[in-house]
Amino acid sequence: MPEDPNSTFAEDLAELYENAPCGYLSLRPDGRIFKSNLTFSRWIGVSQLDLLDKKFSELLTLSGRMFYETHFSPLLRMQGFLEEVAFDFVTGDGKKLPVLANAKERRDDDGNLQFTRVVIFPAAQRRRYERDLVDKRIAAEGAKSEAISERMLAEAGLSEELAIAELREQFIAVLGHDLRNPLASMEGGSRMLLQEELSPRAQRIVTLMQGSVQRMSGLIDNVLDFARGRLGSGFALRLDADELLDPVLKQIAEELQLGTPGISIETNFNITEKVYCDRDRIGQMVSNLLGNAITYGDASRPIRFSAGTKSGVLEISVANSGVPIAQEAMERLFQPFFRGGVRASQQGLGLGLYIASEIAKAHGGSLVVTSSSIETRFTFQMPLRPTTK
Amino acid sequence: MPGPAKPPSAKKELLRREAVRCSSFQSIQSNFVLRNQESRVSVLERNNVKLSGSGERSMVFAHGFGCDQNMWKLVAPAFESKFRTILFDHVGAGGSDLGAYDSAKYASLEGYADDLIEIGKELKLKGAVFVGHSVSAMIGVIASLKDPAIFDSLILVGPSPRYIDDGGYVGGFSRAQIDELLESLADNHLGWSAAMAPAIMGNPDRPELGEELTNSFCRTDPDIAKEFARVTFTSDNRDDLQRVTARTLILQCREDIIASENVGEYVKQHIPHSQLVMLNATGHCPNLSAPGEVIAAIKAFV
């Protein structure tokens, strides 16, 4: 560009070279400095005279020198220039001077290297920023692997919990079977005793014992069902309508009546249609509902037990008088191991209503409860031909 | 219902062990997958092997720490008329298969030597010439000891059997200096790896072209570069030298801070059938700074 002699802004190129806002170095083919500018001399803290004939690589840190030999110099030879390379100089007073540099070779027409020009820019802040990024990345990777190991720890804990739970339920199932056998002997024994000539007192005691055996048998059934349900086999239903339901319900009511003298159970059966169901299970459900009414109801008032069919639906209900169920208890009534406040001697496992509701569900039916100061009533409804399972 | 009685600390310990077992199992699995992949990718693809030239004998060129097979671009073509020339990239460098990189395998130079032997077997080399620069000089020495049939001549450019001083042995670096160097690889992340990317080999007027070439030239994964530097600068192969049976040429530069003249002399003294040629070239890369001298010395030897 031609210079305008009239312009007051004519650039002083010699002064620009010396005081440019970047460092200039010119290297001979052997890598020695033959020219440098004042800016670079100031930054590195070595006079321009002392820089003369010094090897460029001798101004670098040890790792900078290795970098120069293994990266800088080969690349410069291969492509004739370098841009944005990073390395550190060592200043006259021994400090590190991090820089970015561009370099370009000048070759003659035969391709022989004449000299190399290097431009230097300080890069302390950029280097700090890069270091920061690397640190953050390392920290992020550390946090990631920590999170992974924590997750695995949690999963390992979870799988152990599951294993313990499984073991516990198997234990319950096995225990249930072992309890049944002696119980069956007791029931058989008490039945045989009742056929003997007994004093009225002995007869009353044996009858009470039979009631206790029945109650215990029901509890064991519930425990087994609960364990089975959790073990994944669920409630296996044998559905058919080959036999009538009434006799089953009557028998249960009579047995419970017998086992708990002083309680009266009023029955009202009106089953006019065939019911497609598992009668043993329905019996178990009714037994649980009656057992619940006996435990929690007012013993001086009768339990009202009714069953009937109407417009394609079987409805069974059990109602007792007494203190109504508290609202907050209503919500958890059908959950396993829920027990209302009763005398310790009467406490069950809290599985009766849970099992009853599961049986209702398995039949495609429902079990609902209403409770007021007048009565507490459990109502079971199911279609005469269940659609599920 | 309470669970089995077990002190909480013991339980925690059990879980911790389980977690460790799981994680080590996973890493074994992933290693297994990597190895599998490695065997599927052919050796020639894995090491980006490039064949050229024609001749009865083969000449293998191996690059050192820092760049890739482009290091030989001014030397190798001079041998294409009389030799089949074979160039390759070490795994982790240039166009090699980065997926084949395995920190355990490449924790010693032997891992790299095994790759070299695999290349030799794949190409059915016998009595070939090996030309290795910098750290690859020792990789070639190790390979020739493990399988002496592949190479009958070794040409070692700027070799060093050990960079760290040891008693009377002068490698050129103190342990502290090498530690500082390895530390600085982490400290100047961009300096050693990513900063080498801009427009290398490219035409400044056509940056897109430069970009394309950049990706296959002197590219180093920063983490692999760090490990390669550690393996290189902490290696000690002095005991291997006297067992070399191949005839050997050592090319020594002046003012080479990485492999100084006394180190080249040490190599000559310890390799039985060796000779040393002192080049006028300075620095560590005569293959780039003085290719003519290097070519002449190799031609005179082979």
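Please read these numbers as outputs of a predicted model, since none were measured by experiment.

Chemist: What's the story with the overall build of chain B in this structure? I'm lost.
Modeler: Helices and strands together make up the secondary structure of chain B, namely 12 helices and 7 strands. The proportion of buried residues among the 302 residues of chain B is 51%. Expressed as a percentage of contacts within chain B between residues at least 6 apart in sequence, the contacts between residues at least 24 apart total 75%. Just so you have it, chain B exposes about 13,200 Å², and 53% of that area is on carbon and sulfur atoms.

Chemist: Looking at this structure, how should I read unusual backbone geometry?
Modeler: Both trends apply: most residues other than glycine have a negative phi, and most peptide bonds are in trans. Although it is not a glycine, A:Glu84 adopts a positive phi angle of roughly 55 degrees. Its location among the elements puts A:Glu84 in strand β3 (residues 81-90). Despite not being glycine, B:Ser134 shows a phi value in the positive range, around 55 degrees. Mapped onto the elements, B:Ser134 comes out in the loop between β4 (128-133) and α4 (135-146). Of the residues examined, B:Ser134 reaches a relative accessible area of 5% and is grouped as buried.

Chemist: Got a minute to help me understand the pattern of salt bridges in this structure?
Modeler: Two side chains that carry opposite charge are able to pair once their charged atoms sit near each other. Residues and elements named next belong to chain A. Under the defined criterion, the tally for this structure stands at 28 salt bridges over all chains. One salt bridge connects Arg28 with Asp30, and the closest N-O pair in it is separated by 3.9 Å. Among the residues examined, Arg28 registers a relative accessible area of 31% and is labelled partly exposed. Taking the shortest distance from any N to any O, the salt bridge between Glu105 and Arg107 comes out at 2.7 Å.

Chemist: Quick question: what am I supposed to make of a nonpolar patch on the surface here?
Modeler: There is a patch of nonpolar side chains on the surface, built from A:Phe34, A:Leu49 and A:Leu52 and spanning about 300 Å² of accessible area. Tracing the backbone through its elements, the reader meets A:Phe34 in strand β2 (residues 33-36).

Chemist: Help me out: how do you make sense of the pairing of β2(A) in this one?
Modeler: For a regular strand, side-chain orientation follows a simple rule: the groups alternate between the two sheet faces. Residues and elements named next belong to chain A. With 3 bridges connecting them, strand β1 (residues 23-27) and β2 associate as antiparallel partners. The residue of β2 that forms the bridge with Leu25 is Ser36. Hairpin connection between β1 and β2: a loop of 5 residues separates the two successive antiparallel strands, and Gly31 in this loop has a positive phi of roughly 85 degrees.

Chemist: For this particular structure, what's the right way to read the sheet that holds β4(B)?
Modeler: Adjacent strands of a sheet form backbone hydrogen bonds with each other and so pair up, either parallel or antiparallel. Residue and element names in this part refer to chain B. Spatially, β1-β3-β2-β4-β5-β6-β7 is the arrangement adopted by the 7 strands of the open sheet, whose pairing is mixed. The outermost strands of the open sheet, each flanked by one partner alone, are β1 (50-53) and β7 (274-282). When the angles between neighbouring strand axes are averaged without regard to direction, this sheet yields 20 degrees. Of the pairings in the sheet, the one linking β1 to strand β3 (residues 83-88) comprises 4 bridges and is antiparallel in character. Counterpart to Ser52 in the pairing with β3 is Thr85. Contacts from helix α10 (residues 261-270) reach β5 (151-157), β6 (247-254) and β7 within the one sheet, and its direction differs from that of β6 by about 170 degrees.

Chemist: Mind showing me how you'd approach the packing of aromatic side chains here?
Modeler: The way to describe two aromatic rings as a pair is by their centre distance and the angle between their planes. Counting across every chain of the model gives 24 aromatic pairs over all chains. When the centroid spacing of 5.1 Å and the interplanar angle of 10 degrees are considered together, the rings of A:Tyr17 and A:Tyr24 count as stacked. Members of the aromatic cluster, connected to one another through ring pairs, are A:Phe40, A:Phe56, A:Phe67, A:Tyr68, A:Phe72, A:Phe87 and A:Phe89. Across the ring face of B:Tyr169, the terminal group of B:Arg238 is positioned such that the distance to the ring centre comes to 4.9 Å. One Lys or Arg, B:Arg247, reaches over the ring of B:Phe301 and ends 4.0 Å from the middle of that ring.

Chemist: Explanation requested: the sheet that holds strand β10 (residues 376-383) of chain A in the structure shown.
Modeler: Residue and element names in this part refer to chain A. On the basis of which strands lie adjacent, the open sheet formed by 5 strands has the order β6-β7-β8-β10-β9 and mixed pairing. Both outer strands of the open sheet, β6 (265-270) and β9 (366-371), are each paired with one neighbouring strand and no more. This sheet shows a mean twist of 10 degrees between the axes of neighbouring strands, independent of strand direction. Judged from the 6 bridges that link them, β9 and β10 form a sheet pairing that is antiparallel. Note on β10: the bridge partner recorded for Thr370 is Arg377. Packing against the sheet, helix α7 (residues 246-259) makes contact with β6, β7 (303-310) and β8 (313-320), and its axis sits at approximately 180 degrees to β6. Sheet strands in contact with helix α8 (residues 279-296) are β6, β7, β8, β9 and β10, and its direction is about 20 degrees off that of β8.

Chemist: Please explain α4(B) as it appears in this structure.
Modeler: Residue and element names in this part refer to chain B. Relative to the 16 Å expected for 12 residues at 1.5 Å per residue, α4 spans 17 Å between its end C-alpha atoms, a close match to the ideal helical length. Within α4, 11 of the 12 residues are buried, which leaves the element mostly enclosed by the surrounding structure. Listed in full, the buried residues belonging to α4 are Val135, Ser136, Ala137, Met138, Ile139, Gly140, Val141, Ile142, Ala143, Ser144 and Leu145. Lining the buried residues of α4 we find β2 (57-62), α3 (109-122), β4, β5, α8 (222-233) and α9 (238-241).

Chemist: So what exactly am I meant to see when it comes to α8(A) here?
Modeler: Residue and element names in this part refer to chain A. In this model α8 runs 25 Å from its N-terminal to its C-terminal C-alpha over 18 residues, within 8% of the 26 Å that 1.5 Å per residue would give. Most of α8 sits out of view: 14 of its 18 residues are buried. With a side-chain oxygen positioned 3.2 Å from the backbone nitrogen of Asp280, the residue opening α8 is Asp278.

Chemist: Could you clarify how one ought to interpret the pairing of β3(B) in this entry?
Modeler: All names here are of chain B. In terms of burial, β3 is largely enclosed, as 5 of its 6 residues are buried. In this structure, β2 lies alongside β3, joined through 6 bridges in parallel fashion. Among the inter-strand pairings, Arg57 is bridged to a residue of β3, identified as Phe83.

Chemist: Mind showing me how you'd approach the packing of α8(A) against helix α10 (residues 352-362) of chain A here?
Modeler: The description of two packed helices rests on the angle between their axes and on the distance between the axes. All names here are of chain A. In the contact formed by α8 and α10, the axes pass within 9 Å of each other and the chain directions differ by 145 degrees. In terms of crossing hand, the pair formed by α8 and α10 is left-handed. Every residue of α10 that contacts α8 at Arg281, Ile282, Gln284, Met285, Asn288, Leu289 and Asn292 is listed here: Gly352, Leu353, Ile355, Ala356, Ile359 and Ala360. Looking at the contact of α8 with α10, its residues break down into 8 nonpolar, 4 polar and 1 charged.

Chemist: Could you clarify how one ought to interpret the nonpolar core in this entry?
Modeler: Inside soluble globular proteins, nonpolar side chains tend to come together where they are buried. Within the largest apolar cluster, 54 residues are counted, with the highest numbers of intra-cluster contacts made by B:Val60, B:Leu109, B:Leu116, B:Leu125, B:Phe151, B:Leu154 and B:Phe233. Broken down by element, the residue count for this core peaks at 8 residues, all from α4(B). In this structure B:Leu125 touches B:Ser58, B:Val60, B:Arg84, B:Ile86, B:Gly120, B:Ile150 and B:Phe151, once residues within four positions along its chain are discounted. Within the second largest apolar cluster, 53 residues are counted, among which are A:Ile44, A:Phe87, B:Met71 and B:Leu288.

Chemist: I would appreciate a short explanation of the environment of B:Ala78 in the present structure.
Modeler: Residues and elements named next belong to chain B. The topology assignment puts Ala78 in the loop between β2 and β3. By relative accessible area, which is 26% here, Ala78 ends up partly exposed. Apart from residues no more than four positions distant in its own chain, Ala78 is found in contact with Ile295 and Lys299.

Chemist: Any chance you could explain the confidence of the model for chain B here in plain terms?
Modeler: Residues and elements named next belong to chain B. Per-residue confidence for chain B gives a mean pLDDT of 80; residues scoring 70 or more make up 75%. Taken together, the stretch residues 1-11 has pLDDT below 50 and engages in 9 contacts with residues farther than four places along the chain or on a different chain. Contacts of residues 13-40 to residues separated by more than four positions or lying in other chains number 20 contacts, the stretch itself having pLDDT below 50.

Analysis parameters
- Residues numbered from 1 in each chain as written.
- Chains lettered and ligands numbered in written order.
- Predicted model: local features only at pLDDT ≥ 70, side-chain atom pairs only at ≥ 80, totals over all residues.
- Heavy atoms only, no water.
- Helix = DSSP H or I, 4+ residues; strand = E, 2+ residues; numbered from the N terminus.
- Buried < 20%, exposed > 50% of the residue type's maximum accessible area, 1.4 Å probe, protein only.
- Contact = heavy atoms within 4.5 Å.
- Areas by Shrake-Rupley, 256 points an atom, 1.4 Å probe, with all protein chains shown as cover.
- Salt bridge = Lys/Arg side-chain N within 4 Å of Asp/Glu carboxyl O.
- Patch = residues over 30% accessible without salt bridge, like charges linked within 9 Å, V, L, I, M, F, W, Y side chains within 5 Å.
- Pairing = 2+ DSSP bridges.
- Axes fitted to C-alpha atoms, helices over the stretch in contact; angles between N-to-C directions.
- Phe/Tyr/Trp six-rings, centres within 6.5 Å; stacked < 30°, edge-to-face > 60°.
- Lys NZ or Arg CZ within 6 Å of the ring centre and 35° of its normal.
- Expected span 1.5 Å × (residues − 1).
- Polar contact = N/O pair within 3.5 Å; in protein donor to acceptor, adjacent residues only side chain to side chain.
- Left-handed = near helix turned anticlockwise from the far one by under 90°.
- Nonpolar A, V, L, I, M, F, W, Y, C, P; charged D, E, K, R; others polar.
- Core = buried A, V, L, I, M, F, W, Y, C linked by side-chain atoms within 4.5 Å.
- pLDDT = per-residue confidence, 0-100.

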